[in-house]
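Structural overview
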Amino acid sequence: MKAILVINAGSSSLKFALFAIEPALALTPALSGQIEGIGATPVLSAKDADGARYHEPVLTSGSQTEQHRDALNHLFRWLSAHNPDLDIIAAGHRIVHGGELYSAPVALNESVLRDLEGFIPLAPLHQPHNLRAVRAVAALIPEIPQVGCFDTAFHRTQSPLAQAFALPRAISAEGVKRYGFHGLSYDYVARKLPDVIGERANGAVLIAHLGNGASMCALREGKSVATTMGFTAVEGLMMGTRTGSLDPGVMLYLMEQKGMDAKALTNLLYKESGLLGVSGISQDMRTLLASDAREAREAVDLFCYRIAREIGSLAAAAGGLDALVFTGGIGEHAAAVRAKVAGLSAWLGVAIDAEANDAHALRIDAPGSRVAIAVVPTNEEGMIARYTLERLAR
């Protein structure tokens, strides 16, 4: 089986998916899974297209760099044992930040990697681990080409005005601007929309990518014109454990009055806030929706309120609202969240069909709704596989 291996590497985990390319690229992976616990007690878990599941420990040793390489080496051995006829023709990587240099998938070589290492300060929690996996694959299977696919690239169509902060020009010139993220998801959904909402896909469309990480994007003619995330992936919507947009004065207060340093603030902004921080119960929307606790209800209400606020802002950026699209784990599965957001947005002509919404239908707008409302499952891994195959064909 000729296939493309898609890799999404984090600090302690490595997600993977294998996409067959013959007779044509499959949108459903032949095999997918992850290695969790890298740096501690790593374990591989996977499932194939038939639903069979696999689970086994992974042996690693040495430094963090070596542990990622050991994990990948274990993965390659396991894939070969699982399918002796497997022929991996390329590896496609999710790389969070392409900066201003890369607005499309790119073949990865040493020169490109050096460029991408320069963006580590812009995405310190993600970029180093993304690149570590690229170097590990190059060391283990140097003969296969690798392609980098960027979460920021989809938003490079935005105007300079939409990307600007009101900062001194010298700081902006150093690359401090709004980059936006979740671009792989937005691109996939945008390509699906003409089949779902017809000609409205070329109008003013808002996509809500709602999951543990959450953001929204305004599109015109299928291209990004504005998004909620900015310089980092902590701006914008409230998320599972991230604050979303926060008055910078709050951080100054915490530094001056509470003695918090950069490390403590990073932990607060990224790991202790959001749904988890407000509820004090969980970052998992399913747990909160099932809870009778007042704090859980308040966390859900704040999450939905912030989405509704951003809908108004993004509709202004898009010049109207023809369609509202939900995707991501929460967006695709939490009917109660969709209903609450729609209710808060009724002034824009958003009207939801309760029965279709509860059934998680593809179209959930009520008859007479001025706005088309859809639920479109995302497929970032499939998008990376498509990008990789297209890049190889050049």
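Quick summary incoming for the structure in this document. Just so you know, these numbers come straight off a predicted model, no measurement behind them.

1. What to know about the environment of Ala-264
In this fold, Ala-264 is placed in helix 8 (residues 262-271). Given the relative accessible area of 29%, Ala-264 is considered partly exposed. Considering only alpha carbons, one finds Ala-264 and Leu-254, 10 residues apart in sequence, at a separation of 9.7 Å.

2. Considering the packing of aromatic side chains
Under the criterion given, the structure shown has 3 aromatic pairs. Aromatic side chains Tyr-54 and Trp-78 sit 5.4 Å apart centroid to centroid with 75° between the ring planes, which places their arrangement in the edge-to-face category. With Tyr-54 in strand 5 (residues 53-57) and Trp-78 in helix 1 (residues 64-82), the pair connects residues that are 24 residues apart, well separated along the chain. Under the relative-accessibility criterion, Trp-78 is labelled buried at 10%. Consider the rings of Tyr-179 and Phe-231, whose centres lie 6.4 Å apart with planes at 40°: the pair is tilted. In this pair, Tyr-179 is assigned in the loop between helix 5 (169-172) and helix 6 (183-197) and Phe-231 in the loop between strand 11 (223-227) and helix 7 (248-258), connecting sequence segments 52 residues apart. The class for Tyr-179 is buried, based on a relative accessible area of 2%. Judged by its relative accessible area of 22%, Phe-231 falls in the partly exposed class.

3. Let's talk about helix 3 (residues 127-140)
For helix 3, with 14 residues, the first-to-last C-alpha span of 20 Å sits near the 20 Å given by 1.5 Å per residue. Judged by how many residues are buried, helix 3 sits mostly within the fold: 10 of 14 residues are covered. All of the buried residues in helix 3 are Gln-127, Pro-128, His-129, Asn-130, Leu-131, Arg-132, Ala-133, Val-134, Ala-136 and Val-137.

4. Brief notes about unusual backbone geometry
Along the chain, Glu-22 connects to Pro-23 via a cis peptide bond; the corresponding omega equals 5°. Residue placement: Pro-23 occurs in the loop between strand 2 (13-20) and strand 3 (31-36). At His-182, a position not held by glycine, the phi torsion is positive, near 60°. By relative accessible area, His-182 is classed as buried at 11%.

5. Description of the nonpolar core
Counting residues in each nonpolar core, the largest one holds 44 residues, and the members touching the most others are Leu-210, Met-285, Phe-303, Ile-307, Ile-311, Leu-321 and Val-337. Mapped onto this core, the elements with two or more residues apiece are strand 9 (204-210), strand 10 (214-220), helix 10 (285-290), helix 11 (294-318), strand 12 (323-327), helix 13 (335-344) and strand 13 (372-375). Counting residues per element, this core draws most heavily on helix 11, at 10 residues. When residues no more than four places from it in sequence are discounted, the contact partners of Leu-210 are Ser-215, Leu-237, Phe-303, Ile-307, Phe-326, Thr-327, Gly-328, Gly-329, Ile-330, Gly-331 and Val-337. Within the second largest apolar cluster, 30 residues are counted, among which are Ala-190, Leu-193, Ala-372 and Ala-374.

6. Focus: the pattern of salt bridges
In this structure the tally under the stated criterion is 13 salt bridges. The residue Asp-187 makes a salt bridge to Arg-191 at a minimum N-O spacing of 3.1 Å. With Asp-187 and Arg-191 both in helix 6, this residue pair falls 4 residues apart, about one helical turn. On the basis of relative accessible area, Asp-187 is assigned to the buried category, the value being 11%. Of the residues examined, Arg-191 reaches a relative accessible area of 38% and is grouped as partly exposed. Arg-363 serves as the salt-bridge partner of Asp-365, at 2.9 Å between the closest nitrogen and oxygen. The network of salt bridges with shared partners includes Glu-110, Glu-117 and Arg-135.

7. A word on the sheet that holds strand 7 (residues 106-107)
The strand order across the open sheet formed by 8 strands is 5-4-3-2-1-6-8-7, and the pairing between neighbours is mixed. Across the chains shown, the open sheet's two edge strands, defined by having one partner strand only, are strand 5 and strand 7. Note that strand 4 (residues 43-48) and strand 5 share 5 bridges and pair antiparallel. Looking at strand 5, one finds that Ala-46 is bridged to Tyr-54. This element, helix 15 (residues 380-392), spans strand 1 (2-9), strand 2, strand 6 (87-95), strand 7 and strand 8 (146-150) of the sheet and lies at about 120° to strand 6.

8. Things to note about the pairing of strand 3
Of the pairings in the sheet, the one linking strand 2 to strand 3 comprises 6 bridges and is antiparallel in character. Looking across to strand 3, one finds that Phe-16 is bridged to Gly-33. By the bridge criterion, 6 bridges tie strand 3 to strand 4 in an arrangement that is antiparallel. Across the sheet, residue Ile-35 finds its bridge partner in strand 4, namely Leu-44. Counting the residues in the hairpin turn of strand 3 and strand 4 gives 6 residues, including Gly-37, whose phi is positive at 85°.

9. Section: the pairing of strand 12
Where burial is concerned, most of strand 12 is hidden: 5 out of the 5 residues are buried. In strand 12, alternate side chains face the same way, and those of Ala-323, Val-325 and Thr-327 on one face and Leu-324 and Phe-326 on the other are all buried. Where strand 9 and strand 12 come together, 5 bridges link them in parallel fashion. By the bridge assignment for strand 12, Ala-208 is matched with Phe-326. Here strand 12 pairs with strand 13 via 4 bridges, running parallel. Bridge pairing in strand 13 links Ala-323 to Ala-372.

10. Considering the environment of Asn-109
Mapping Asn-109 onto the fold places it in the loop between strand 7 and helix 2 (110-117). By relative accessible area, Asn-109 is classed as partly exposed at 39%. When the C-alpha positions of Asn-109 and Thr-287 are compared, they lie 44 Å apart, and in sequence the two are 178 residues distant. Reaching out from Asn-109, the side chain makes a polar contact with the backbone nitrogen of Val-112 at a distance of 2.9 Å.

Procedures and definitions
- Residues numbered from 1 in each chain as written.
- Predicted model: local features only at pLDDT ≥ 70, side-chain atom pairs only at ≥ 80, totals over all residues.
- Heavy atoms only, no water.
- Helix = DSSP H or I, 4+ residues; strand = E, 2+ residues; numbered from the N terminus.
- Buried < 20%, exposed > 50% of the residue type's maximum accessible area, 1.4 Å probe, protein only.
- Phe/Tyr/Trp six-rings, centres within 6.5 Å; stacked < 30°, edge-to-face > 60°.
- Expected span 1.5 Å × (residues − 1).
- Core = buried A, V, L, I, M, F, W, Y, C linked by side-chain atoms within 4.5 Å.
- Contact = heavy atoms within 4.5 Å.
- Salt bridge = Lys/Arg side-chain N within 4 Å of Asp/Glu carboxyl O.
- Pairing = 2+ DSSP bridges.
- Axes fitted to C-alpha atoms, helices over the stretch in contact; angles between N-to-C directions.
- Polar contact = N/O pair within 3.5 Å; in protein donor to acceptor, adjacent residues only side chain to side chain.

Take it as geometry only, folks, not as evidence of what the structure does.
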